[in-house]
Each structure stands twice: as C-alpha cells, then as structure tokens.
Amino acid sequence: MSTVIVEPTGITPADVLAVARGDARVELAAATVDAMRTSRAIVDGIEASGRPVYGVSTGFGALANTAIAPERRAELQHALIRSHAAGIGAPMPREVVRAMILLRVRSLALGRSGVRPELAHGLVDLLNHDITPWVPEHGSLGASGDLAPLAHCALVLLGEGWVLGKDGERVGAAEALHAAGLSPLELAAKEGLALINGTDGMLGMLLLAIDDAAHLFAMADVTAALAIEAMLGSERPFLPELHTIRPHPGQAASAANIHRLLQDSTIMDSHRDDLAHAVQDAYSMRCAPQVAGAARDTLEFVTTVAGRELLSVVDNPVVLPDGRVESTGNFHGAPLGFAADFLAIAAAEVGAIAERRVDRLLDVTRSRELPPFLSPDAGVNSGLMIAQYTAAGIVAENRRLAAPASVDSLPTSGMQEDHVSMGWAAAKKLRTVLDNLTSLLAVELLSSVRGLQLRAPLTPSPAGRAALAAVGAFAGEPGPDMFLAPVLEQARAVVSGRALRTEIEGTTGPLR
C-alpha cells in the first residue's frame, strides 16, 4: 500500500486516485501542520479582538449580519454541520467519498482556512481507518461548493451521522469511531465552515471521471478498429498525412491508433486491392477519429481545469498571510460544472458513433456479407439483434444526460446564494455517461469479435486476435442463441479492465 503525503502546496491527480481507488495511506507533512498553525493563530487573534468576521463571529449565508456571542461560537460551528447535513437519497460510492475527504484535507493543508491541524488529522484518520461517511446523492447545488455532502463527512468527525458499512448498510458514526479507537472532535470558531465550503465533491468526481474517460477513449479506438476490420473497411482514411492537414491533436492520436490496430491482418489484405470495394466507408467508420479525437481534446481541456482547481484555495472566508480574512466566491463550481458538462457531451458522442457501427455490423444489407445479426442461423436465432436495442436505449439515455446541468441555477438561502453552479449534478451525471459508454463499447466489442470470427479462415490483426481470445473465452464461437446478459456483463469487464488493452499494446506499442 502506498502513502500519500499532503504538502502545503497540494496534491496531484495521481494522489487522489491512489487514495480513492487504491486505498493508499495518507499523512500530513510537517510543513502542512506548520502552515495550518500559522493560519489558525490569525483566527485566534481576530476572535480575541472581537471584530465581526463572517463565519468566525457571525452567522452564515443570509444570516451573515447576525452577531454571535463568543461563548456560543463553538456551538455555532456544530449547529452548522448538523443543519447542513441535509442530503437525501442513496449513498455516494466509496471512491467518491474518499476522494472528497482527501481533497478537503488538501484544502485545509493550503493554510488559508484558519483551522487547527487536528481537523486535518481527523479526516486523515477516517481515510486510514477505512471509515467512509454515508453521503447521500442529493443535496449539493455547487453553491458554496458541496455544502451538504461535505457536512455529512464532517458530521462523522463529531461522532454523529452515519458511515457506510462493509455490507452497504448504514452504521452509526459513534460506533464506527469507537471501533477504530478514535474520538469525536470538538470544533472551534470557523472550523465547521472550513470543513464544508469548497468544490471537493465535484472535483473528486471529475478527477475519477478523467481517469475513466482517458481509458475508455483509448478502448473506443480499439473497438472502432475491430468493427472496421470486421466490416472490411478501409485503413486509408487513417493515414497520418490526412490528419496533419487538420491539426487537431486528439484526431491525429485517434487516427494513428486505429491505423496501427488494423495492420498485419489478412482480413484487411483480402480487399485492399479489390476494385469492387467501396470507395468510401460510412461516416461511423471513416470519421471515427474525428469524433473520438474531439473527445480527447475535450478531455485535455477538462484535465487542465481540474489541475487548476487542485491548486486552488476554495474556502470562504480565506485567511491571508497578512492577517486579513476576506470573503471570496472561489467555492463556486462553475469551472468544474462547465467542464463536466462538456466532457459528458463528448463521451455521449463517442458512445453514439459506436452504436452506429454496431447497427451496421448487424445489418445484412450493410455489413458486407456478414449474416443477419451476426447469427450463422438467422431466423430461428436472433443473434445480437437485441444487444443493439440495448445499445440504442443507452445512447438515448446519454443524450438526455448530455443536457448541461450547469445552466440550471436555482436561487437559495434567502437570495444570498442567488446563482449556483450545479457542479455536483454535472459531475455525477458525467460518471453515469461514462458508465454507459462502457456498456456501449462492450456491445461493440462483442459484435466486432463475432464479425471477425465469421470472417474465418481469414485471420485478423494482432489486436483482433487478442480480442477474439479474450471475448471467445466467455462468448464462445458464433452459433445458437445464448443468454446474452452475462456475456455482455463480462464484455463490460473487459472494456473497463486493463488486461486486453495491455495485451494489445504489447504488440502494437502504447496507444496514444
């Protein structure tokens, strides 16, 4: 198990993945503890001076002008966490909650929140003892960041609320802390606010989605190449000189992948010089790199946005080194909401064009002599007919999910928070789109393998042979109809996993 050290300069996307998905341990650097102590000393001085500062000696949101007596300021922070832990619905996945907690540690570690190191240590203890707060899926508007989800995490630090049990059931936080040998925390001035203001939930989901999208876009090139090979398509549209004249980097990378994947194939050799072969392939084949490449360029933009956010102070108010405490709008999730919506649009289209290739593979009038629905005995057997129905239904859902969340603001908090980002919703639906894309590529993978099997005795490319071995192990050879649902589930596992891609890259070199 690796260890992630949280420095006062922040963390990396790889750190987030290591903690969220790899269960890496977390530690605070000595410099981080020093930065937090310095910041806290400023807050202590302000509190002693008695001057009004938002979140330290005043209420929150629309109650920002309400003064809070010194003896009630700790109570204020506890009340804030309890009232804001108002989410509802199914729990968010463990990996999302772990990413969110680590990012909140990162935010506090930057030394602009004015909290004691004990808060960061408390969150680190939750991660290292595998205590995952129960965070309901509904509650965040991306307004002052992810208030409700972060409050559900913070509530566990107080020994209240729920955690996610190993069986998926809710467990009381006090019970979970006691079992781990941990004690609840008592909050001081500003600390409750510092635990819940920020974009950590939506950023965590976006970073996880970026990792998933990068892999799926590479697998989309694989399944596209397999489909093109099975349909006796041409490799010529993917020649590098045709993409230097339209210099979108993602397009060039995707085209290079597909061209490389189609080499050393007797299936491709069989029709390369055939004058009767189609002069032009359909758009879903010929334009694969234009669509997948545009998605790659979108992913590059989104990665840049997420990288900037990892360097950002998103708390409110912030404690500046010169002693000022200033209110900001840095918690507003618009940059992340826009990015998540953009990537969802791109991923939806990668899936849509894959479904078009599946439909073409199954259609006897367009598949270039493959049997109807890829069944050797069509009529009695329906082959992959309904697998394409499933894919079509998923494409339709992705089109609905591609509608942007970030344009749908609703005012809250007595009109104090009169424009919200909906960044949480944008990031959450992006993850659904990517999960759906996995299913669409699984259908294309199975269909392409069936098509390649039916081209025997011609042999496919090395990528095709690797796919035939991987999919054939659970799908067998073309024949009588079978129960398809478990086959598609296993195809999904092949797409989301790394084994097939690693084997293919062993023969073709790394995919770009």
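The coordinates are above.
The structure presented is a predicted model; accordingly, all values stated were derived computationally and were not measured. (Residues numbered from 1 in each chain as written. Predicted model: local features only at pLDDT ≥ 70, side-chain atom pairs only at ≥ 80, totals over all residues. Heavy atoms only, no water.)

Q: Explain the pattern of salt bridges to me, please; I cannot follow it from the model alone.
A: For side chains bearing opposite charge, pairing can occur when the charged atoms are close. Here the structure, examined in full by the defined rule, presents 31 salt bridges. Across the salt bridge formed by Arg98 and Asp23, the nearest N and O atoms sit 3.7 Å from each other. Placement of Arg98 in helix α4 (residues 94-109) and of Asp23 in the loop between α1 (13-20) and β2 (25-28) is noted, with a sequence separation of 75 residues between them. Classification of Asp23 as partly exposed rests on a relative accessible area of 29%. A salt bridge links Asp130 to Arg94; the shortest N-O distance between them is 2.8 Å. Here Arg94 lies in helix α4 and Asp130 lies in the loop between α5 (117-128) and β4 (136-138), a separation of 36 residues in the sequence. Residues participating in the shared-partner salt-bridge network are Arg21, Glu95, Asp211, Asp212, Arg431 and Arg498. (Salt bridge = Lys/Arg side-chain N within 4 Å of Asp/Glu carboxyl O. Helix = DSSP H or I, 4+ residues; strand = E, 2+ residues; numbered from the N terminus. Buried < 20%, exposed > 50% of the residue type's maximum accessible area, 1.4 Å probe, protein only.)

Q: I would appreciate a short explanation of empty space enclosed by the protein in the present structure.
A: Over the atoms rolls a probe the size of a water molecule, and its path tells where empty space is left. Counting across every chain of the model gives one cavity of 30 Å³ or more. Looking at the largest cavity, its volume works out to about 40 Å³. Of all the secondary-structure elements, those providing two or more residues to the lining of the largest cavity are α9 (200-230), α14 (288-310) and α15 (334-362). (1 Å grid on protein atoms, 1.4 Å probe; cavity = no way out; pocket = protein on both sides within 12 Å on 5 of 7 lines; lining within 4 Å. Points joined across faces, edges and corners; volume = space filled by probe spheres on them.)

Q: Just checking my understanding: could you explain the packing of aromatic side chains for this structure?
A: Each pair of aromatic rings is reported with the distance of its centres and the angle of its planes. The final tally for this structure, using the stated rule, is two aromatic pairs. Residues Trp134 and Trp162 carry aromatic rings whose centres are separated by 6.4 Å and whose planes lie at 85° to one another, so their mutual orientation is edge-to-face. Taken as a pair, Trp134 in the loop between α5 and β4 and Trp162 in strand β5 (residues 162-164) lie far apart in primary sequence, 28 residues in all. Arranged with centres 6.0 Å apart and planes meeting at 55°, the rings of Phe301 and Phe342 form a pair that is tilted. Separated by 41 residues along the polypeptide, Phe301 in helix α14 and Phe342 in helix α15 bring together distant segments of the chain. The class for Phe301 is partly exposed, based on a relative accessible area of 38%. (Phe/Tyr/Trp six-rings, centres within 6.5 Å; stacked < 30°, edge-to-face > 60°.)

Q: Any chance you could explain the pairing of strand β1 (residues 3-6) here in plain terms?
A: The side chains of a regular strand alternate between both faces of the sheet. Here β1 shows a clear split, with Val4 and Val6 buried on one side and none of Thr3 and Ile5 buried on the other. When β1 meets β2, the two strands line up parallel, connected through four bridges. Counterpart to Val4 in the pairing with β2 is Val26. Where the polypeptide runs from β1 across α1 and back to β2, its parallel neighbour, the crossover connection is right-handed. (Pairing = 2+ DSSP bridges. Right-handed = clockwise from strand over helix to strand, strands pointing away.)

Q: It is not clear to me how helix α6 (residues 147-157) should be interpreted in this structure. Could you clarify?
A: Within an α-helix, residues lying three or four positions from one another point in the same direction, as the helix has 3.6 residues per turn. Burial of α6 is extensive: eleven of the eleven residues sit out of reach of the surface. Listed as buried for α6 are Leu147, Ala148, Pro149, Leu150, Ala151, His152, Cys153, Ala154, Leu155, Val156 and Leu157. With its phi angle positive at about 80°, Gly159 sits one or two positions after the end of α6.

Q: It is not clear to me how unusual backbone geometry should be interpreted in this structure. Could you clarify?
A: Of all residues except glycine, most have a negative phi; of all peptide bonds, most are trans. For the bond from Asn316 to Pro317, the omega torsion is -5°, close enough to zero to count as cis. Looking along the chain, the bond that leaves Ala456 and enters Pro457 is cis, with omega of 15°. Checked against the element boundaries, Pro457 lands in the loop between α17 (423-453) and α18 (462-475). Backbone geometry at Leu374 places phi at a positive 60°, although glycine is not the residue there. Among the structural elements, Leu374 can be located in the loop between α15 and α16 (385-401).

Q: How should I be thinking about the side chain of Ser284 in this particular structure?
A: Mapping Ser284 onto the fold places it in helix α13 (residues 283-286). Residue classification places Ser284 among the buried positions, given a relative accessible area of 10%. For Ser284, the residues in contact, after removing those within four places along its chain, are Ile353, Arg356, Arg357 and Arg360. (Contact = heavy atoms within 4.5 Å.)

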